[in-house]
Amino acid sequence: MHRRHALWIFMLCLAPLLAACGHPWKTMREAVPNPFYSQRRFAVVPIVFYGLQVGDGSEADWMAEKDAEQQQSWQEDKAAMNEEFTEALIATAASEGVAIVRARSAADAPFFLRANVTFYEPGVFAVVINKKTRLKAMVQLTDPAGGVFDEFLIDTAVPASLTNPSSGGRARTAASQLGKLAARYIIHRVQGED
């Protein structure tokens with residue numbers, strides 16, 4: 001009886017660790033059979049920000065509170081986030097033998113990756129309070145015409161700190177992390193993992 005009790009306690013302690021071993025994405029749709037198995041070439045289109053929620057409100061509401069210089073800075077941040085996402089995606093996939101190119105035409109690859117950033121929390125760095133910068137994106141793997149095979153949600157957060165005090169810098173770091181997560185998803189599907 002004592003041994004069974006100890007085993008039960010061990011299983012309870014092990015359960016959270018096993019749950020944490022899941023994938024770092026939430027699958028919304030997954031094509032069956034897997035069309036990506038053993039594929040080695042994909043294309044990526046620039047990320048978009050359709051229906052973006054910033055904190056508790058819309059991007060438009062958030063921008064209405066900004067002056068012209070801050071609005072221009074946000075456009076520059078979005079362009080830089082796209083670049084960080086794309087570079088991390090390409091480099092991470094290449095490390096596993098998967099080529100991802102920047103989309104220029106439908107002939108670039110049999111499959112395209114399309115990411116829409118749906119949520120952005122700029123975060124705060126101050127002496128008294130720090131709040132993480134957070135990004136969420138819905139990502140689709142499609143045919144060149146946009147027909148969706150797979151769709152998944154990725155989410156990342158970057159702490160505000162003395163070494164990373166600006167929200168724009170944290171947004172770039174978060175976008176790079178999203179690119180790595182998207183690449184891991186592609187690698188997962190290419191390798192046919194469960």
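Since we're looking at a predicted model, the values are computed, not measured.

Procedures and definitions
- Residues numbered from 1 in each chain as written.
- Predicted model: local features only at pLDDT ≥ 70, side-chain atom pairs only at ≥ 80, totals over all residues.
- Heavy atoms only, no water.
- Helix = DSSP H or I, 4+ residues; strand = E, 2+ residues; numbered from the N terminus.
- Expected span 1.5 Å × (residues − 1).
- Buried < 20%, exposed > 50% of the residue type's maximum accessible area, 1.4 Å probe, protein only.
- Contact = heavy atoms within 4.5 Å.
- Polar contact = N/O pair within 3.5 Å; in protein donor to acceptor, adjacent residues only side chain to side chain.
- Core = buried A, V, L, I, M, F, W, Y, C linked by side-chain atoms within 4.5 Å.
- pLDDT = per-residue confidence, 0-100.
- Salt bridge = Lys/Arg side-chain N within 4 Å of Asp/Glu carboxyl O.
- Phe/Tyr/Trp six-rings, centres within 6.5 Å; stacked < 30°, edge-to-face > 60°.
- Pairing = 2+ DSSP bridges.

Another aspect to go through is helix 3 (residues 68-94). Between its terminal C-alpha atoms helix 3 stretches 39 Å, which fits the 39 Å expected from 27 residues at 1.5 Å a residue. Within the sequence span of helix 3, burial applies to Trp-74, Asp-77, Lys-78, Ala-80, Met-81, Asn-82, Phe-85, Thr-86, Ala-88, Leu-89, Thr-92 and Ala-93. Contacts from the buried residues of helix 3 go to strand 2 (41-44), helix 2 (59-64), strand 5 (99-102), strand 6 (112-121), strand 9 (133-142) and helix 4 (167-190). For helix 3, the N-terminal capping position is held by Asp-67, with its side-chain oxygen 3.1 Å away from the main-chain nitrogen of Glu-69.

For the rest of this paragraph, the subject is the nonpolar core. By size, the foremost hydrophobic cluster in this structure holds 39 residues, and its most contacted members are Phe-85, Leu-89, Leu-113, Ile-154 and Ile-186. If you list the elements that add at least two residues to this core, you get strand 2, helix 2, helix 3, strand 6, strand 9, strand 10 (148-158) and helix 4. It is helix 4 that contributes the most residues to this core, 10 residues altogether. Apart from residues lying up to four places away in sequence, Ile-186 is in contact with Phe-42, Leu-89, Val-98, Ile-100, Leu-113 and Leu-141.

Let us look at the side chain of Glu-59. Summarising the element assignment, Glu-59 is placed in helix 2. One polar contact links Glu-59 to Lys-78, side chain to side chain, over a distance of 2.9 Å. With sequence-adjacent residues up to four places away left out, Glu-59 is seen in contact with Phe-49, Leu-52, Val-54, Trp-74 and Lys-78.

Attention now goes to the confidence of the model for the protein chain. Looking at the protein chain, pLDDT values average 87 and 86% of them are 70 or higher. Least confident of the elements in the protein chain is helix 1 (residues 2-19), whose mean pLDDT is 45; most confident is strand 2, at 98. Residue range residues 6-20 is modelled with pLDDT below 50. Its contacts to residues more than four positions away, or to other chains, number 0 contacts.

Take the pattern of salt bridges next. Summed over all chains, the structure comprises 7 salt bridges. For the salt bridge of Lys-131 with Glu-121, the shortest nitrogen-to-oxygen distance reads 3.6 Å. Of this pair, Lys-131 sits in strand 8 (residues 130-131) while Glu-121 is found in strand 6, placing the two residues 10 residues apart along the sequence. Several salt bridges share partner residues, and in doing so they unite Glu-30, Asp-150 and Arg-189 into one network.

It is worth spelling out the packing of aromatic side chains at this point. The final tally for this structure, using the stated rule, is 11 aromatic pairs. Ring geometry for Phe-36 and Phe-111: centres 4.8 Å apart, planes at 70 degrees, overall edge-to-face. You can see Phe-36 sitting in the loop between strand 1 (26-29) and strand 2 and its partner Phe-111 sitting in the loop between strand 5 and strand 6, a full 75 residues away along the chain. When sorted by exposure, Phe-36 lands in the same class as Phe-111, which is buried. With a centroid separation of 5.0 Å and 90 degrees between ring planes, the pair formed by Trp-62 and Trp-74 is classed as edge-to-face. Remark: Trp-74 occurs in helix 3 and Trp-62 occurs in helix 2; sequence separation between them is 12 residues. Residue classification places Trp-62 among the buried positions, given a relative accessible area of 17%. Among the residues examined, Trp-74 registers a relative accessible area of 2% and is labelled buried.

Here we come to the pairing of strand 2. With 4 bridges connecting them, strand 2 and strand 5 associate as parallel partners. From the neighbouring strand, Val-44 faces strand 5, where its bridge partner is Arg-102. By the bridge criterion, 2 bridges tie strand 2 to strand 6 in an arrangement that is parallel. Residue pairing across strands places Val-44 opposite Leu-113, the latter belonging to strand 6.

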